[in-house]
Amino acid sequence: MELRDESEPFFITEGVEAELSAAGYEFEPPAHARTTSIRELYGWQPWETLEEAMNRHLAMQGAAS
């Protein structure tokens with residue numbers, strides 16, 4: 001297995017998973033990790049920046065409280 005630069009993100013690819021499995025490691029993603037889209041999270045619209053969508057979402061959350 002080759003060393004990597006710690007400043008770069010690390011992703012478990014199929015190749016890395018195979019190397020880890022061959023070395024005796026078991027790969028199981030954390031149960032708390034989830035993926036979703038910014039549309040689902042913030043109601044993002046194509047003309048908006050992510051920051052605009054987040055601000056609008058937070059404003060709506062604040063108004064609902």
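Calculation criteria
- Residues numbered from 1 in each chain as written.
- Predicted model: local features only at pLDDT ≥ 70, side-chain atom pairs only at ≥ 80, totals over all residues.
- Heavy atoms only, no water.
- Helix = DSSP H or I, 4+ residues; strand = E, 2+ residues; numbered from the N terminus.
- Buried < 20%, exposed > 50% of the residue type's maximum accessible area, 1.4 Å probe, protein only.
- Areas by Shrake-Rupley, 256 points an atom, 1.4 Å probe, with all protein chains shown as cover.
- Salt bridge = Lys/Arg side-chain N within 4 Å of Asp/Glu carboxyl O.
- pLDDT = per-residue confidence, 0-100.

Explanation requested: the overall build of the protein in the structure shown.
Across its full length, the protein carries three helices and zero strands. Among the 65 residues that make up the protein, the fraction classed as buried is 8%. Surface summary for the protein: the accessible area is close to 6100 Å², and the carbon and sulfur share equals 56%.

What exactly am I supposed to notice about the pattern of salt bridges here?
Side-chain pairs of opposite charge can arise whenever the charged atoms involved come near each other. Per the counting criterion, the structure on display carries one salt bridge. Among the salt bridges present, the one from Glu48 reaches Arg56, with a minimum N-O distance of 2.9 Å.

What should I look at first to understand the confidence of the model for the protein in this one?
For residues with low pLDDT, the predicted coordinates do not support detailed interpretation. On average, residues of the protein score 81 in pLDDT, and 80% of them reach the 70 mark or higher. Averaged pLDDT values for the elements of the protein fall to 84 in helix H2 (residues 38-42) and rise to 88 in helix H3 (residues 50-64).

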